[in-house]
Amino acid sequence: MGSLSATRTEAAPDRVLQGILLILASVVLFSVSDAMAKLMRLQGLPAVEVAWLRYLVFIALAATLAGRARVLLQRPKRLGLQLLRGVTLVGSAVLFVAGLGFLPIAEATAITYVAPGFVTALSILFLGEQVGIRRWSAVFVGFAGVLIVIRPGTGALSLAALFPVASALCWAATIVITRRMGAGDRTETTVLWSAGTGLVLLSLLVPFGFVLPTWGQLGLGLAHGLCSSVGQYLVILAYRQAAASLLAPFSYVQLLFSTTLGWLIFAAVPDRFTLLGAAVIIGSGLYTVHRERVRARERVAARV
């Protein structure tokens, strides 16, 4: 989900293929990471603690990238937005992990795909973007898909379903904040400050309700952080190869891997409503990506 760096509007076929393969590799890692997070939640570790273990690895990778780019000590140009981005990013992580303690992986993942709809709405409020009836229709269709998944009024809806919804909202806010910051800071600087802000915040919260992990849980937590952090890095590399609008549809393959892992590890098979809702959400997301690409071409043509 989302690009952390500048994207290309055009790319050679071989670069596009590299970008697609990197995205597919990242969604495999994200799916494995989610499965590990769910295992830790089922073993009794709080969501904040799981996210804290993840961020220990995240900060190490971010510092390494920033050191290689020689921006480790560089102050960001828009410090307030960088800190706010770090808060929304860690909020998205904690809320999603919290939901995994109660929901099947496939259902939680499907619900988070409503994020493009939130991006559209937030872009109007905070970026002043103009949105036409077609993009608004896609937003409402996406939310209808969420309602199909969680089925309010049938007894299937629980408060846990609100966790991935809130996670998607935080992720959308992260994307909008990234756009608002513009290209003033290096990608490595943004990643470092997001990791650092999240780790500080989690370190303040983790003592409340802390559960001493076993060595196995500690190893699982660090592996969870490694898969997630490497997955994020692969996303950055992918978006350097090809346009986000071209690569974004391939991120939906994560639902396939999440469903498979949920079945193999937790014996959780999504019902027909989850599959139907996921299809509706993905369809609305793909159309939103298509409209973004059309609008981008129109802006380029207008400048020319």
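Residues numbered from 1 in each chain as written. Predicted model: local features only at pLDDT ≥ 70, side-chain atom pairs only at ≥ 80, totals over all residues. Heavy atoms only, no water.

### Observations regarding the pattern of salt bridges
Summed over all chains, the structure comprises 1 salt bridge. A salt bridge links Glu188 to Arg186; the nearest nitrogen and oxygen atoms lie 3.4 Å apart. With relative accessibility at 13%, the residue Glu188 sits in the buried group. Of the residues examined, Arg186 reaches a relative accessible area of 42% and is grouped as partly exposed. (Salt bridge = Lys/Arg side-chain N within 4 Å of Asp/Glu carboxyl O. Buried < 20%, exposed > 50% of the residue type's maximum accessible area, 1.4 Å probe, protein only.)

### So, the packing of helix H3 (residues 79–100) against helix H7 (residues 162–181)
In the contact formed by H3 and H7, the axes pass within 8 Å of each other and the chain directions differ by 160°. Looking at the two axes, H3 sits roughly antiparallel to H7. Two packed elements cross with a definite hand, and for H3 against H7 that hand is left-handed. Facing H3, whose interface residues are Leu81, Gln82, Leu84, Arg85, Thr88, Leu89, Gly91, Ser92, Leu95, Phe96, Ala98 and Gly99, H7 presents Phe163, Ala166, Ser167, Cys170, Trp171, Ala173, Thr174, Ile177, Thr178, Arg180 and Met181. For the contact of H3 with H7, the class distribution of residues is 13 nonpolar, 8 polar and 2 charged. (Axes fitted to C-alpha atoms, helices over the stretch in contact; angles between N-to-C directions. Helix = DSSP H or I, 4+ residues; strand = E, 2+ residues; numbered from the N terminus. Parallel < 35°, antiparallel > 145°, perpendicular 65-115°, else oblique. Left-handed = near helix turned anticlockwise from the far one by under 90°. Contact = heavy atoms within 4.5 Å. Nonpolar A, V, L, I, M, F, W, Y, C, P; charged D, E, K, R; others polar.)

### Some words on unusual backbone geometry
At Arg70, a position not held by glycine, the phi torsion is positive, near 60°. Here Arg70 is to be found in the loop between helix H2 (47–68) and H3. With phi around 55°, Ala267 is a residue other than glycine that occupies positive phi space. Note on placement: Ala267 falls in the loop between helix H11 (254–266) and helix H12 (272–303). Ala267 gets classed as exposed once you look at its relative accessible area, which sits at 63%.

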